[in-house]
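# Summary of structural features
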Amino acid sequence: MWGGRFAQGPSAIMREINASIPFDKALWRQDIAASKAHVAMLGACRVVSGEDAVTIRDGLDAVGAEYEASGVPEDWDLEDIHMTTESRLAQLIGPVAGRLHTARSRNDQVATDFRLWVRDAIDQAEAGLQALQVALVMRAGEHADSIMPGFTHLQTAQPVTLGHHLMAYYEMIGRDRSRFHDARKRMNRSPLGSAALAGTGFPIDREMTAQALGFDGPTANSLDSVSDRDFALDYLMAASQCALHLSRLAEEFIIWASQPFGFVTLPDALSTGSSIMPQKKNPDAAELVRGHAGRISGCLVSLMMTMKGLPLAYSKDMQDDKPPVFEAAGLLALSIAAIAGMVAETKFRTERMRGAAELGFATATDLADWLVREGDIPFREAHHITGAAVKLAESRGVALDQLPLDDLKTIDSRIDERVFNALSVEASVAARKSHGGTAPDQVRLRVAEARAALGLEG
(Lines give C-alpha, C1' and ligand atoms only; values in the text may rest on other atoms or scores of the structure.)
Protein backbone atom coordinates (compact mmCIF):
# COMPACT_ATOMS: atom_id res chain seq x y z
CA MET A 1 0.00 0.00 0.00
CA TRP A 2 2.71 2.49 0.92
CA GLY A 3 5.83 0.51 -0.08
CA GLY A 4 7.03 3.13 -2.57
CA ARG A 5 8.19 5.31 0.31
CA PHE A 6 9.85 2.52 2.36
CA ALA A 7 12.77 0.23 1.59
CA GLN A 8 11.65 -2.42 4.10
CA GLY A 9 8.30 -3.76 5.22
CA PRO A 10 6.97 -3.36 8.76
CA SER A 11 8.28 -5.51 11.59
CA ALA A 12 6.09 -8.21 13.09
CA ILE A 13 5.40 -5.92 16.05
CA MET A 14 4.43 -3.03 13.80
CA ARG A 15 2.25 -5.32 11.70
CA GLU A 16 0.37 -6.49 14.77
CA ILE A 17 -0.04 -3.16 16.51
CA ASN A 18 -1.04 -1.43 13.29
CA ALA A 19 -3.73 -3.84 12.09
CA SER A 20 -7.34 -2.99 12.90
CA ILE A 21 -9.06 -5.57 10.70
CA PRO A 22 -9.90 -7.85 13.68
CA PHE A 23 -12.41 -5.26 14.90
CA ASP A 24 -13.08 -2.77 12.11
CA LYS A 25 -14.33 -5.56 9.85
CA ALA A 26 -17.62 -4.83 11.62
CA LEU A 27 -17.82 -1.76 9.36
CA TRP A 28 -17.95 -3.73 6.12
CA ARG A 29 -21.56 -2.90 5.26
CA GLN A 30 -20.94 0.80 5.82
CA ASP A 31 -17.67 0.61 3.89
CA ILE A 32 -19.36 -0.96 0.87
CA ALA A 33 -22.24 1.56 0.98
CA ALA A 34 -19.94 4.58 1.28
CA SER A 35 -17.68 3.31 -1.50
CA LYS A 36 -20.65 2.81 -3.83
CA ALA A 37 -21.88 6.33 -3.10
CA HIS A 38 -18.38 7.69 -3.71
CA VAL A 39 -17.84 5.95 -7.04
CA ALA A 40 -21.33 6.90 -8.26
CA MET A 41 -20.44 10.52 -7.55
CA LEU A 42 -17.06 10.16 -9.27
CA GLY A 43 -18.85 8.86 -12.33
CA ALA A 44 -21.49 11.60 -12.27
CA CYS A 45 -18.77 14.26 -11.96
CA ARG A 46 -16.71 12.58 -14.72
CA VAL A 47 -13.74 12.13 -12.45
CA VAL A 48 -13.85 8.49 -13.57
CA SER A 49 -15.60 7.18 -16.66
CA GLY A 50 -19.15 5.97 -16.44
CA GLU A 51 -18.03 2.51 -17.54
CA ASP A 52 -15.42 2.30 -14.78
CA ALA A 53 -17.91 3.53 -12.21
CA VAL A 54 -20.36 0.75 -13.14
CA THR A 55 -17.61 -1.87 -13.07
CA ILE A 56 -16.47 -0.74 -9.63
CA ARG A 57 -20.04 -0.63 -8.31
CA ASP A 58 -20.76 -4.16 -9.51
CA GLY A 59 -17.47 -5.33 -8.06
CA LEU A 60 -18.32 -3.82 -4.69
CA ASP A 61 -21.65 -5.65 -4.75
CA ALA A 62 -19.78 -8.88 -5.39
CA VAL A 63 -17.38 -8.23 -2.51
CA GLY A 64 -20.31 -7.44 -0.23
CA ALA A 65 -22.05 -10.68 -1.21
CA GLU A 66 -18.88 -12.61 -0.30
CA TYR A 67 -18.68 -10.91 3.08
CA GLU A 68 -22.34 -11.64 3.72
CA ALA A 69 -21.91 -15.31 2.89
CA SER A 70 -18.50 -16.06 4.40
CA GLY A 71 -17.49 -13.16 6.60
CA VAL A 72 -14.60 -10.75 6.19
CA PRO A 73 -11.15 -12.37 5.88
CA GLU A 74 -8.44 -11.13 8.22
CA ASP A 75 -5.20 -10.40 6.40
CA TRP A 76 -3.16 -8.24 8.74
CA ASP A 77 -0.91 -7.11 5.93
CA LEU A 78 -3.93 -5.25 4.54
CA GLU A 79 -4.40 -3.55 7.93
CA ASP A 80 -8.08 -2.62 7.84
CA ILE A 81 -11.50 -3.12 6.26
CA HIS A 82 -10.86 -0.40 3.68
CA MET A 83 -7.73 -1.97 2.19
CA THR A 84 -9.20 -5.46 2.57
CA THR A 85 -12.16 -4.45 0.43
CA GLU A 86 -10.04 -2.60 -2.13
CA SER A 87 -7.66 -5.55 -2.41
CA ARG A 88 -10.48 -8.03 -3.01
CA LEU A 89 -12.08 -5.62 -5.47
CA ALA A 90 -8.83 -5.51 -7.46
CA GLN A 91 -8.72 -9.32 -7.55
CA LEU A 92 -12.25 -9.36 -8.99
CA ILE A 93 -12.15 -6.48 -11.50
CA GLY A 94 -8.47 -5.75 -12.05
CA PRO A 95 -6.55 -2.43 -12.03
CA VAL A 96 -9.68 -0.32 -12.50
CA ALA A 97 -10.30 -0.92 -8.78
CA GLY A 98 -7.51 1.56 -8.09
CA ARG A 99 -9.73 4.40 -9.35
CA LEU A 100 -12.10 3.96 -6.40
CA HIS A 101 -9.77 5.77 -4.02
CA THR A 102 -9.63 8.90 -6.19
CA ALA A 103 -10.53 12.08 -4.22
CA ARG A 104 -10.72 10.35 -0.87
CA SER A 105 -8.44 9.14 1.92
CA ARG A 106 -8.79 6.45 4.51
CA ASN A 107 -9.16 9.36 6.93
CA ASP A 108 -12.48 10.57 5.54
CA GLN A 109 -13.41 7.01 4.60
CA VAL A 110 -13.24 5.69 8.17
CA ALA A 111 -14.88 8.84 9.55
CA THR A 112 -17.80 8.24 7.18
CA ASP A 113 -18.06 4.50 7.81
CA PHE A 114 -17.90 4.96 11.56
CA ARG A 115 -20.60 7.64 11.52
CA LEU A 116 -22.84 5.35 9.52
CA TRP A 117 -22.24 2.52 12.00
CA VAL A 118 -22.95 4.72 15.03
CA ARG A 119 -26.07 6.04 13.35
CA ASP A 120 -27.28 2.46 12.93
CA ALA A 121 -26.45 1.73 16.58
CA ILE A 122 -28.52 4.73 17.66
CA ASP A 123 -31.45 3.49 15.59
CA GLN A 124 -31.14 0.05 17.20
CA ALA A 125 -31.07 1.57 20.68
CA GLU A 126 -34.05 3.75 19.86
CA ALA A 127 -36.11 0.74 18.75
CA GLY A 128 -35.18 -1.24 21.86
CA LEU A 129 -35.96 1.64 24.19
CA GLN A 130 -39.34 2.20 22.57
CA ALA A 131 -40.15 -1.48 23.16
CA LEU A 132 -39.10 -1.07 26.79
CA GLN A 133 -41.35 1.96 27.17
CA VAL A 134 -44.26 -0.02 25.75
CA ALA A 135 -43.66 -2.77 28.32
CA LEU A 136 -43.48 -0.22 31.15
CA VAL A 137 -46.69 1.50 30.07
CA MET A 138 -48.59 -1.75 29.68
CA ARG A 139 -47.62 -2.97 33.14
CA ALA A 140 -48.22 0.46 34.70
CA GLY A 141 -51.73 0.42 33.30
CA GLU A 142 -52.33 -2.96 34.93
CA HIS A 143 -51.16 -1.66 38.29
CA ALA A 144 -52.45 1.90 38.49
CA ASP A 145 -54.22 0.95 41.76
CA SER A 146 -51.67 -1.51 43.18
CA ILE A 147 -50.20 -0.08 46.37
CA MET A 148 -46.59 -0.51 47.39
CA PRO A 149 -44.18 1.27 49.71
CA GLY A 150 -42.29 4.21 48.28
CA PHE A 151 -38.76 4.50 49.61
CA THR A 152 -36.19 7.13 50.37
CA HIS A 153 -32.81 5.93 51.65
CA LEU A 154 -34.35 2.45 51.08
CA GLN A 155 -36.53 3.18 54.11
CA THR A 156 -40.32 3.17 53.88
CA ALA A 157 -41.39 6.74 53.16
CA GLN A 158 -44.92 7.02 51.74
CA PRO A 159 -47.29 4.67 49.95
CA VAL A 160 -47.24 4.88 46.17
CA THR A 161 -48.73 2.81 43.39
CA LEU A 162 -46.74 0.28 41.41
CA GLY A 163 -48.01 1.94 38.24
CA HIS A 164 -46.55 5.25 39.41
CA HIS A 165 -43.23 3.56 40.16
CA LEU A 166 -43.04 1.97 36.71
CA MET A 167 -43.96 5.23 35.00
CA ALA A 168 -40.96 6.87 36.67
CA TYR A 169 -38.78 4.60 34.53
CA TYR A 170 -40.88 5.43 31.48
CA GLU A 171 -39.85 9.06 32.02
CA MET A 172 -36.18 8.13 32.44
CA ILE A 173 -36.17 6.06 29.26
CA GLY A 174 -37.89 8.94 27.45
CA ARG A 175 -34.97 11.18 28.33
CA ASP A 176 -32.57 8.51 27.09
CA ARG A 177 -34.39 8.40 23.77
CA SER A 178 -34.17 12.17 23.51
CA ARG A 179 -30.40 12.06 24.09
CA PHE A 180 -29.95 9.48 21.34
CA HIS A 181 -32.20 11.54 19.07
CA ASP A 182 -30.14 14.66 19.69
CA ALA A 183 -26.88 12.78 19.12
CA ARG A 184 -28.15 11.39 15.83
CA LYS A 185 -29.26 14.79 14.60
CA ARG A 186 -25.96 16.39 15.54
CA MET A 187 -23.80 13.71 13.89
CA ASN A 188 -25.75 13.44 10.63
CA ARG A 189 -23.25 15.24 8.39
CA SER A 190 -21.04 13.47 5.88
CA PRO A 191 -17.23 13.73 6.11
CA LEU A 192 -16.79 11.96 2.77
CA GLY A 193 -14.82 14.10 0.34
CA SER A 194 -12.71 15.78 3.02
CA ALA A 195 -9.89 13.47 1.90
CA ALA A 196 -6.83 13.29 4.15
CA LEU A 197 -7.35 16.64 5.89
CA ALA A 198 -7.40 19.50 3.36
CA GLY A 199 -10.12 18.52 0.91
CA THR A 200 -9.40 17.56 -2.70
CA GLY A 201 -8.59 19.26 -5.97
CA PHE A 202 -10.92 17.00 -7.93
CA PRO A 203 -14.31 18.45 -8.96
CA ILE A 204 -16.43 16.32 -6.63
CA ASP A 205 -20.00 16.75 -5.38
CA ARG A 206 -20.12 16.22 -1.62
CA GLU A 207 -23.83 17.02 -1.48
CA MET A 208 -24.47 14.05 -3.77
CA THR A 209 -22.64 11.55 -1.57
CA ALA A 210 -24.17 13.00 1.59
CA GLN A 211 -27.66 12.59 0.16
CA ALA A 212 -26.95 9.08 -1.09
CA LEU A 213 -25.90 8.00 2.41
CA GLY A 214 -28.83 9.61 4.20
CA PHE A 215 -26.91 12.51 5.71
CA ASP A 216 -28.40 15.98 6.06
CA GLY A 217 -25.45 17.44 4.17
CA PRO A 218 -21.64 17.47 4.13
CA THR A 219 -19.45 18.59 7.00
CA ALA A 220 -18.15 22.16 6.73
CA ASN A 221 -14.45 21.86 7.59
CA SER A 222 -12.16 19.17 6.24
CA LEU A 223 -9.76 19.30 9.20
CA ASP A 224 -12.58 18.86 11.68
CA SER A 225 -14.24 16.23 9.49
CA VAL A 226 -11.44 13.69 9.67
CA SER A 227 -10.47 14.35 13.29
CA ASP A 228 -13.92 14.62 14.86
CA ARG A 229 -15.10 11.78 17.09
CA ASP A 230 -17.69 13.81 18.99
CA PHE A 231 -20.38 11.68 17.39
CA ALA A 232 -18.91 8.57 19.01
CA LEU A 233 -18.56 10.32 22.37
CA ASP A 234 -22.15 11.59 22.12
CA TYR A 235 -23.30 8.03 21.53
CA LEU A 236 -21.29 6.70 24.47
CA MET A 237 -22.54 9.47 26.75
CA ALA A 238 -26.14 8.67 25.85
CA ALA A 239 -25.44 4.95 26.20
CA SER A 240 -23.83 5.45 29.61
CA GLN A 241 -26.76 7.47 30.95
CA CYS A 242 -29.17 4.90 29.58
CA ALA A 243 -27.17 2.06 31.14
CA LEU A 244 -27.34 3.83 34.52
CA HIS A 245 -31.14 3.94 34.27
CA LEU A 246 -31.31 0.29 33.27
CA SER A 247 -29.00 -0.56 36.16
CA ARG A 248 -31.27 1.24 38.65
CA LEU A 249 -34.29 -0.73 37.48
CA ALA A 250 -32.25 -3.94 37.51
CA GLU A 251 -31.26 -3.24 41.12
CA GLU A 252 -34.91 -2.76 42.06
CA PHE A 253 -35.79 -6.14 40.55
CA ILE A 254 -32.87 -7.73 42.42
CA ILE A 255 -34.04 -6.29 45.73
CA TRP A 256 -37.72 -7.01 45.09
CA ALA A 257 -36.95 -10.64 44.16
CA SER A 258 -35.09 -11.29 47.42
CA GLN A 259 -36.95 -13.30 50.04
CA PRO A 260 -37.13 -10.50 52.65
CA PHE A 261 -39.00 -8.36 50.09
CA GLY A 262 -40.74 -10.95 47.96
CA PHE A 263 -42.38 -8.29 45.80
CA VAL A 264 -41.77 -10.06 42.47
CA THR A 265 -41.27 -13.43 40.88
CA LEU A 266 -38.86 -13.02 37.99
CA PRO A 267 -39.38 -14.99 34.77
CA ASP A 268 -37.57 -18.33 34.62
CA ALA A 269 -36.17 -17.42 31.20
CA LEU A 270 -34.19 -14.54 32.73
CA SER A 271 -33.05 -16.33 35.90
CA THR A 272 -30.55 -19.06 36.72
CA GLY A 273 -30.10 -21.70 39.39
CA SER A 274 -27.27 -22.77 41.65
CA SER A 275 -24.88 -25.65 41.09
CA ILE A 276 -25.12 -26.64 44.75
CA MET A 277 -28.28 -25.09 46.25
CA PRO A 278 -31.40 -26.51 44.56
CA GLN A 279 -33.74 -23.87 45.98
CA LYS A 280 -31.97 -20.91 44.41
CA LYS A 281 -33.44 -18.75 41.66
CA ASN A 282 -30.88 -16.10 40.95
CA PRO A 283 -31.63 -12.78 39.18
CA ASP A 284 -28.53 -13.14 37.03
CA ALA A 285 -29.87 -11.22 34.02
CA ALA A 286 -30.63 -8.23 36.24
CA GLU A 287 -27.23 -8.49 37.90
CA LEU A 288 -25.49 -8.55 34.53
CA VAL A 289 -27.42 -5.48 33.39
CA ARG A 290 -26.21 -3.80 36.56
CA GLY A 291 -22.65 -4.89 35.79
CA HIS A 292 -22.84 -3.81 32.15
CA ALA A 293 -23.45 -0.22 33.25
CA GLY A 294 -19.92 -0.08 34.62
CA ARG A 295 -18.42 -1.49 31.45
CA ILE A 296 -20.38 0.90 29.22
CA SER A 297 -19.31 3.88 31.31
CA GLY A 298 -15.74 2.57 31.08
CA CYS A 299 -16.01 2.60 27.30
CA LEU A 300 -16.93 6.28 27.45
CA VAL A 301 -13.94 7.09 29.66
CA SER A 302 -11.66 5.06 27.37
CA LEU A 303 -12.55 7.08 24.28
CA MET A 304 -12.46 10.37 26.18
CA MET A 305 -8.89 9.60 27.27
CA THR A 306 -7.94 8.64 23.70
CA MET A 307 -9.19 11.96 22.33
CA LYS A 308 -8.20 14.30 25.14
CA GLY A 309 -4.87 15.60 23.75
CA LEU A 310 -4.90 14.92 20.03
CA PRO A 311 -3.90 17.76 17.69
CA LEU A 312 -5.58 18.20 14.31
CA ALA A 313 -6.05 16.29 12.17
CA TYR A 314 -5.86 12.47 12.17
CA SER A 315 -3.62 10.52 14.53
CA LYS A 316 -3.24 6.75 14.75
CA ASP A 317 -4.54 6.83 18.33
CA MET A 318 -7.95 7.24 16.75
CA GLN A 319 -7.79 3.67 15.51
CA ASP A 320 -8.71 2.82 19.11
CA ASP A 321 -12.00 4.68 18.81
CA LYS A 322 -14.03 1.75 17.56
CA PRO A 323 -13.54 -1.10 20.11
CA PRO A 324 -15.15 0.81 23.02
CA VAL A 325 -18.08 1.90 20.87
CA PHE A 326 -18.61 -1.61 19.50
CA GLU A 327 -18.41 -3.08 23.01
CA ALA A 328 -20.80 -0.55 24.50
CA ALA A 329 -23.34 -1.00 21.71
CA GLY A 330 -23.40 -4.77 22.17
CA LEU A 331 -23.76 -4.54 25.94
CA LEU A 332 -26.45 -1.88 25.71
CA ALA A 333 -28.55 -3.88 23.26
CA LEU A 334 -28.41 -6.92 25.57
CA SER A 335 -29.26 -4.82 28.61
CA ILE A 336 -32.26 -3.18 26.97
CA ALA A 337 -33.60 -6.53 25.77
CA ALA A 338 -33.13 -8.15 29.19
CA ILE A 339 -34.86 -5.36 31.09
CA ALA A 340 -37.72 -5.20 28.58
CA GLY A 341 -38.24 -8.93 29.06
CA MET A 342 -38.19 -8.58 32.83
CA VAL A 343 -40.73 -5.77 32.83
CA ALA A 344 -43.06 -7.63 30.48
CA GLU A 345 -42.90 -11.06 32.15
CA THR A 346 -42.30 -10.45 35.86
CA LYS A 347 -45.12 -11.43 38.21
CA PHE A 348 -45.78 -8.64 40.71
CA ARG A 349 -46.93 -9.89 44.13
CA THR A 350 -49.23 -7.00 44.85
CA GLU A 351 -50.65 -8.28 48.15
CA ARG A 352 -47.13 -8.56 49.52
CA MET A 353 -46.38 -5.06 48.28
CA ARG A 354 -49.50 -3.65 49.90
CA GLY A 355 -48.70 -5.34 53.19
CA ALA A 356 -45.23 -3.83 53.16
CA ALA A 357 -46.73 -0.39 52.49
CA GLU A 358 -48.57 -0.62 55.82
CA LEU A 359 -45.31 -1.11 57.69
CA GLY A 360 -42.91 1.60 58.73
CA PHE A 361 -45.61 4.21 59.45
CA ALA A 362 -45.79 5.15 55.79
CA THR A 363 -48.84 7.38 56.37
CA ALA A 364 -47.12 9.61 58.94
CA THR A 365 -46.92 12.45 56.44
CA ASP A 366 -50.67 12.11 55.88
CA LEU A 367 -51.25 12.66 59.60
CA ALA A 368 -49.09 15.78 59.50
CA ASP A 369 -50.88 17.02 56.38
CA TRP A 370 -54.27 16.38 58.04
CA LEU A 371 -53.24 18.44 61.07
CA VAL A 372 -52.24 21.30 58.78
CA ARG A 373 -55.36 21.06 56.66
CA GLU A 374 -58.00 20.39 59.31
CA GLY A 375 -56.42 21.87 62.44
CA ASP A 376 -54.80 24.94 60.85
CA ILE A 377 -51.55 23.95 62.54
CA PRO A 378 -48.19 25.10 61.12
CA PHE A 379 -46.47 22.23 59.39
CA ARG A 380 -43.43 22.21 61.66
CA GLU A 381 -45.66 21.85 64.70
CA ALA A 382 -47.70 19.18 62.91
CA HIS A 383 -44.45 17.37 62.14
CA HIS A 384 -43.59 17.33 65.86
CA ILE A 385 -47.05 16.05 66.83
CA THR A 386 -46.87 13.31 64.22
CA GLY A 387 -43.43 12.26 65.45
CA ALA A 388 -44.88 11.75 68.93
CA ALA A 389 -47.71 9.65 67.48
CA VAL A 390 -45.22 7.50 65.55
CA LYS A 391 -43.17 6.99 68.71
CA LEU A 392 -46.27 5.85 70.61
CA ALA A 393 -47.37 3.49 67.81
CA GLU A 394 -43.87 2.06 67.58
CA SER A 395 -43.76 1.40 71.32
CA ARG A 396 -47.03 -0.52 71.07
CA GLY A 397 -46.15 -2.36 67.88
CA VAL A 398 -49.17 -1.10 65.93
CA ALA A 399 -49.78 1.01 62.83
CA LEU A 400 -50.82 4.66 63.16
CA ASP A 401 -54.42 3.94 62.16
CA GLN A 402 -54.61 1.32 64.93
CA LEU A 403 -53.93 3.81 67.72
CA PRO A 404 -57.10 4.58 69.73
CA LEU A 405 -58.50 8.07 69.22
CA ASP A 406 -58.13 8.82 72.95
CA ASP A 407 -54.40 8.16 72.75
CA LEU A 408 -54.08 10.44 69.75
CA LYS A 409 -56.03 13.15 71.62
CA THR A 410 -53.62 12.80 74.53
CA ILE A 411 -50.84 13.81 72.11
CA ASP A 412 -52.89 16.71 70.72
CA SER A 413 -56.51 17.54 71.57
CA ARG A 414 -57.20 18.94 68.09
CA ILE A 415 -57.17 15.43 66.60
CA ASP A 416 -60.65 13.97 66.04
CA GLU A 417 -62.18 10.86 64.49
CA ARG A 418 -61.91 12.29 60.97
CA VAL A 419 -58.19 11.62 61.06
CA PHE A 420 -58.76 7.91 60.41
CA ASN A 421 -60.05 8.76 56.94
CA ALA A 422 -56.52 9.94 56.09
CA LEU A 423 -54.42 7.22 57.70
CA SER A 424 -55.07 4.20 55.46
CA VAL A 425 -52.64 3.49 52.63
CA GLU A 426 -55.52 3.75 50.15
CA ALA A 427 -56.44 7.20 51.42
CA SER A 428 -52.81 8.27 51.38
CA VAL A 429 -52.35 7.27 47.76
CA ALA A 430 -55.68 8.70 46.62
CA ALA A 431 -54.86 12.06 48.20
CA ARG A 432 -51.74 12.56 46.04
CA LYS A 433 -53.68 14.11 43.15
CA SER A 434 -51.22 16.82 42.19
CA HIS A 435 -49.91 16.77 38.63
CA GLY A 436 -47.49 13.86 38.37
CA GLY A 437 -48.59 12.42 41.71
CA THR A 438 -49.20 8.80 42.64
CA ALA A 439 -53.01 8.91 42.85
CA PRO A 440 -54.46 6.16 40.63
CA ASP A 441 -56.36 8.72 38.53
CA GLN A 442 -53.12 10.60 37.89
CA VAL A 443 -51.34 7.37 36.99
CA ARG A 444 -54.07 6.43 34.53
CA LEU A 445 -53.84 9.89 32.98
CA ARG A 446 -50.06 9.59 32.54
CA VAL A 447 -50.48 6.09 31.10
CA ALA A 448 -53.05 7.35 28.59
CA GLU A 449 -50.69 10.16 27.53
CA ALA A 450 -47.83 7.70 27.18
CA ARG A 451 -49.90 5.29 25.12
CA ALA A 452 -50.83 8.10 22.77
CA ALA A 453 -47.19 9.19 22.50
CA LEU A 454 -46.15 5.62 21.68
CA GLY A 455 -48.91 5.18 19.12
CA LEU A 456 -50.66 2.41 21.08
CA GLU A 457 -54.34 1.86 20.38
CA GLY A 458 -56.93 2.49 23.07
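Just so we're clear, the structure is a prediction, and the values are computed from it rather than from any experiment.

The next point concerns the overall build of the protein. When you go through the protein residue by residue, the secondary structure sums to 18 helices and four strands. For the C-alpha atoms alone, the extent of the protein along its principal axes is close to 100 × 50 × 45 Å. When burial is assessed residue by residue, the protein has 48% of its 458 residues classed as buried. Within the protein, residue pairs in contact and separated by at least 24 positions form 75% of the contacts whose partners lie at least 6 positions apart. Here the protein has roughly 21,800 Å² of accessible surface; of this, 53% comes from carbon and sulfur atoms. Each charge sign in the protein was given a centre, from 47 positive and 60 negative side chains, and these centres are 1 Å apart.

This paragraph deals with the domain arrangement of the protein. Considered domain by domain, the protein is made up of domain 1 (12–102), domain 2 (107–144 + 159–349) and domain 3 (357–452). Computed from C-alpha atoms alone, the centre-to-centre distance between domain 1 and domain 2 is 29 Å. Domain 1 puts 25 residues into the contact, and the matching count from domain 2 is 22 residues. Each partner contributes to the roughly 1,800 Å² buried at the junction of domain 1 and domain 2, and carbon and sulfur atoms together form 71% of this total. Sorting the residues of domain 1 by area buried against domain 2 places Phe 23, Leu 27 and Gln 30 first, and these three jointly supply 29% of that buried surface. Here domain 1 and domain 2 share zero salt bridges between them. On the surface where domain 1 and domain 2 come into contact, there are five residue pairs in polar contact (both at pLDDT 80 or more).

Tracing the backbone shows Ser 20 in the loop between helix H1 (12–18) and helix H2 (21–24). Within the structure, Ser 20 has its side chain in polar contact with the side chain of Asp 24 (distance 2.4 Å).

Moving on: the pairing of strand E1 (residues 147–152). For E1 and strand E2 (residues 155–161), the ladder comprises six bridges, and the chain directions are antiparallel. When the sheet's bridge partners are listed, Gly 150 is paired in E2 with Gln 158. In this structure, the hairpin formed by E1 and E2 is closed by a connection of two residues, where His 153 is found at a positive phi of approximately 60 degrees.

Moving on, we come to a nonpolar patch on the surface. Residues Met 237, Val 301, Met 304 and Met 305 make up a contiguous nonpolar surface patch of roughly 350 Å² in combined accessible area. With three residues, helix H11 (residues 284–307) is the largest single contributor of residues to the nonpolar patch. With respect to the helices and strands, Met 305 occurs in helix H11. By relative accessible area, which is 47% here, Met 305 ends up partly exposed.

Its 13 residues give helix H5 (residues 81–93) an end-to-end C-alpha distance of 18 Å, which sits within 8% of 18 Å, the value for a rise of 1.5 Å per residue. For H5, every residue scored as buried is listed here: Ile 81, His 82, Met 83, Thr 84, Thr 85, Glu 86 and Leu 89. Packed against the buried residues of H5 are H2, helix H3 (28–44), helix H4 (50–70) and helix H6 (106–142). Of the residues that open H5, the one with a side-chain oxygen 3.1 Å from the backbone nitrogen of His 82 is Asp 80. Positioned one or two residues after H5, Gly 94 has a phi angle of 85 degrees, which is positive.

Calculation notes
- Residues numbered from 1 in each chain as written.
- Predicted model: local features only at pLDDT ≥ 70, side-chain atom pairs only at ≥ 80, totals over all residues.
- Heavy atoms only, no water.
- Helix = DSSP H or I, 4+ residues; strand = E, 2+ residues; numbered from the N terminus.
- Buried < 20%, exposed > 50% of the residue type's maximum accessible area, 1.4 Å probe, protein only.
- Contact = heavy atoms within 4.5 Å.
- Areas by Shrake-Rupley, 256 points an atom, 1.4 Å probe, with all protein chains shown as cover.
- Lys, Arg positive; Asp, Glu negative; His and termini not counted.
- Charge placed at Lys NZ, Arg CZ, Asp CG, Glu CD.
- Domains from an automatic or database assignment.
- Buried area = accessible area lost by both parts, 1.4 Å probe.
- Salt bridge = Lys/Arg side-chain N within 4 Å of Asp/Glu carboxyl O.
- Polar contact = N/O pair within 3.5 Å; in protein donor to acceptor, adjacent residues only side chain to side chain.
- Pairing = 2+ DSSP bridges.
- Patch = residues over 30% accessible without salt bridge, like charges linked within 9 Å, V, L, I, M, F, W, Y side chains within 5 Å.
- Expected span 1.5 Å × (residues − 1).

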